[in-house]
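Understanding the architecture of this molecule
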Amino acid sequence: MDFMLGHGHEEFDNHELVAFCRDAGTGLSAIIAIHDTSAGPAAGGCRMMRYATFADALTDVLRLSKGMTYKAIMAGMPFGGGKAVILADPRKEKTPELLMAFAERVARLGGTFITGEDVGTTVADIEVMRRVTPHVRGIPANGHGDPSSMTALGVLKGIETAVEHQLRAHDLKGIRVIVQGLGAVGWRLSKLLRNTGAILIASDIDLELMEKARRQLGATIVPPDHSPAAEADVYAPCALGGTLSERTIGDLRVSIVAGAANNQLATAEDGRRLADRGVLYAPDYVINAGGLISGALEGPSFDHAELLERVGQIPKTLRDLFTRAEAEKLPTSIVADLTAQERLAQARAQKQKREGVYHQ
Ligand code: NAI
């Protein structure tokens, strides 16, 4: 495995731990990646999907777990970053036994890794995992429950912030927003957008969902492959990552990208491509932190008002990044990475101090 995890793997970023999980009885094949625990236990959802190759799954989990470290530190939550992927088709291969076998691996990590729902898993699946391990979040009885509504709320506030900064508009009335992906987050976001008076342009690979959006939300429907290239003010990617690439950025006809998907940029260079085209990019791990915040606050002292207040801080974080990007003439993606790395360096120094380890 060295060839995959050493310097040879471009997504390997000195991850603290990468665990490959197998269970012959249930057919479980999963990877858990813990990127960094300097600020606290690694938090990150459990994604279930079929990958073309095992190497693709590894790339995904390494990138996503690093993104979680940056997300938690930018949201000011005392958590590190981790992520899990179960290599299985959620529609055909998901069984309670498979979920529990995975949860047993999470249990073995003793709280170093805390997981929750993600693409391909649901709150009901997390309830099944909870039979085996307490190290899960997103349980309705312990707090807010399904994180998607808080993710959607944070993204809505982020879109408002970006629109104010880029278009000098104080509300979303008449602002055209493309929502790509009408799943747990995208659907909730679409409903919130409709209530603000925004003009909704929606797409999904699920034809029924598109039809529902047209009927119930009055959305204009565009084919999924063409949705990033539709003419609008804002493009909100809410499906899978990597939709902003050398191939797609040239076709964009929006001035803002602000959505929920993790890892929206196919490569780091794509942040610069967006900036060069004059497109304001709201860094994904900043704007989509609502779900993480929701899970982080779960527990006996859960307070809904505190949750709303914390999610309400996403606009300020974004405004600070936009301002710094302009002052330093850098893409917002780079400024977000720099800010996260500065905060992470502080967290690492504090951890070393706590543990009594000093660097020369
Ligand atoms: P989901 O699985 O409920 O929804 C994804 C939707 O995207 C599905 O309806 C699917 O049919 C659609 N889709 C897939 N490929 C598409 C394509 N090429 N074009 C258009 N639609 C397509 O997932 P969920 O929970 O809504 O998450 C969406 C994104 O947001 C993911 O990238 C996830 O990692 C990210 N995210 C989710 C959070 C949450 O609280 N659920 C928190 C932070 C990030």
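Model, not experiment: these values are computed from the prediction.

Within the protein, the secondary structure is distributed over 14 helices and 12 strands. Dimensions of the protein along its principal axes, counting C-alpha atoms only, are 55 × 50 × 45 Å. Burial statistics for the protein: of 360 residues in total, 54% are counted as buried. Pairs at least 24 residues apart make up 65% of the contacts formed inside the protein by residues separated by at least 6 positions. Element-wise, carbon and sulfur atoms account for 51% of the exposed surface of the protein, whose accessible area totals about 16000 Å². Placing the 40 positive and 44 negative side-chain charges of the protein at their respective mean positions leaves the two points 2 Å apart.

Below, the discussion takes up the nonpolar core. In summary, soluble globular proteins display a tendency toward joint burial of nonpolar side chains. With 62 residues, the main nonpolar core has Ile-159, Val-177, Leu-189 and Leu-193 as its most contacted residues. Counting residues per element, this core draws most heavily on helix α5 (residues 148-167), which supplies 8 residues. The residues touching Ile-159, leaving out its near neighbours within four places in the chain, are Leu-172, Val-177, Leu-189, Leu-193, Val-234, Ala-236, Ala-258 and Ile-287. Counting residues in hydrophobic clusters, the runner-up holds 24 residues, among them Cys-21, Ala-30, Ala-103 and Phe-113.

We note that Asn-14 has phi near 50°; this positive angle belongs to a residue other than glycine. Along the chain, Asn-14 falls in the loop between α1 (2-5) and β1 (17-23). Asn-14 sits in the exposed class, given a relative accessible area of 66%. We note that Asn-263 has phi near 55°; this positive angle belongs to a residue other than glycine. In this structure Asn-263 comes out as buried when scored by relative accessible area, which is 16%.

With that settled, consider the side chain of Asp-89. With respect to the helices and strands, the residue Asp-89 is situated in the loop between β5 (80-87) and α3 (96-108). We classify Asp-89 as buried; its relative accessible area is 13%. Beyond its immediate chain neighbours, meaning those up to four positions away, Asp-89 contacts Met-48, Arg-50 and Lys-94.

Here we take up the site of the ligand. Residues in close proximity to the ligand total 25 residues, the closest being Thr-151, Val-185, Asp-204, Ala-239 and Asn-262. Residue Thr-151 places a side-chain N or O atom 2.7 Å away from an oxygen atom belonging to the ligand. Ala-239 is positioned such that a nitrogen or oxygen atom in its backbone is 2.7 Å from an oxygen atom of the ligand. Relative to its unbound accessible area of 840 Å², the ligand is 83% covered by the protein chains. Split by residue class, the shell around the ligand holds 12 nonpolar, 8 polar and 5 charged.

On to the packing of aromatic side chains. A complete count under the given rule lists 2 aromatic pairs for this structure. Between Phe-20 and Phe-54 the ring centres are 5.8 Å apart and the planes differ by 35°, which places this aromatic pair in the tilted class. In this pair, Phe-20 sits in strand β1 while Phe-54 sits in helix α2 (residues 54-74), placing the two residues 34 residues apart along the sequence. Assessed through its relative accessible area of 31%, Phe-20 is described here as partly exposed.

The next thing to look at is helix α7 (residues 207-217). Among all positions in α7, only Met-210, Ala-213 and Leu-217 are buried. Along the long axis of α7, the arc covered by the buried residues comes to 80°, so they all point the same way. Exposed side chains of α7 directed beyond 90 degrees from the buried face belong to Leu-207, Glu-208 and Arg-215. Along its buried surface, α7 packs onto α6 (184-196), β8 (199-203) and β9 (220-221). For α7, the N-terminal capping position is held by Asp-206, with its side-chain oxygen 2.9 Å away from the main-chain nitrogen of Glu-208.

What counts, and where the lines are drawn
- Residues numbered from 1 in each chain as written.
- Predicted model: local features only at pLDDT ≥ 70, side-chain atom pairs only at ≥ 80, totals over all residues.
- Heavy atoms only, no water.
- Helix = DSSP H or I, 4+ residues; strand = E, 2+ residues; numbered from the N terminus.
- Buried < 20%, exposed > 50% of the residue type's maximum accessible area, 1.4 Å probe, protein only.
- Contact = heavy atoms within 4.5 Å.
- Areas by Shrake-Rupley, 256 points an atom, 1.4 Å probe, with all protein chains shown as cover.
- Lys, Arg positive; Asp, Glu negative; His and termini not counted.
- Charge placed at Lys NZ, Arg CZ, Asp CG, Glu CD.
- Core = buried A, V, L, I, M, F, W, Y, C linked by side-chain atoms within 4.5 Å.
- Near = heavy atom within 4 Å.
- Polar contact = N/O pair within 3.5 Å; in protein donor to acceptor, adjacent residues only side chain to side chain.
- Nonpolar A, V, L, I, M, F, W, Y, C, P; charged D, E, K, R; others polar.
- Phe/Tyr/Trp six-rings, centres within 6.5 Å; stacked < 30°, edge-to-face > 60°.
- Arc of directions from axis to C-beta.

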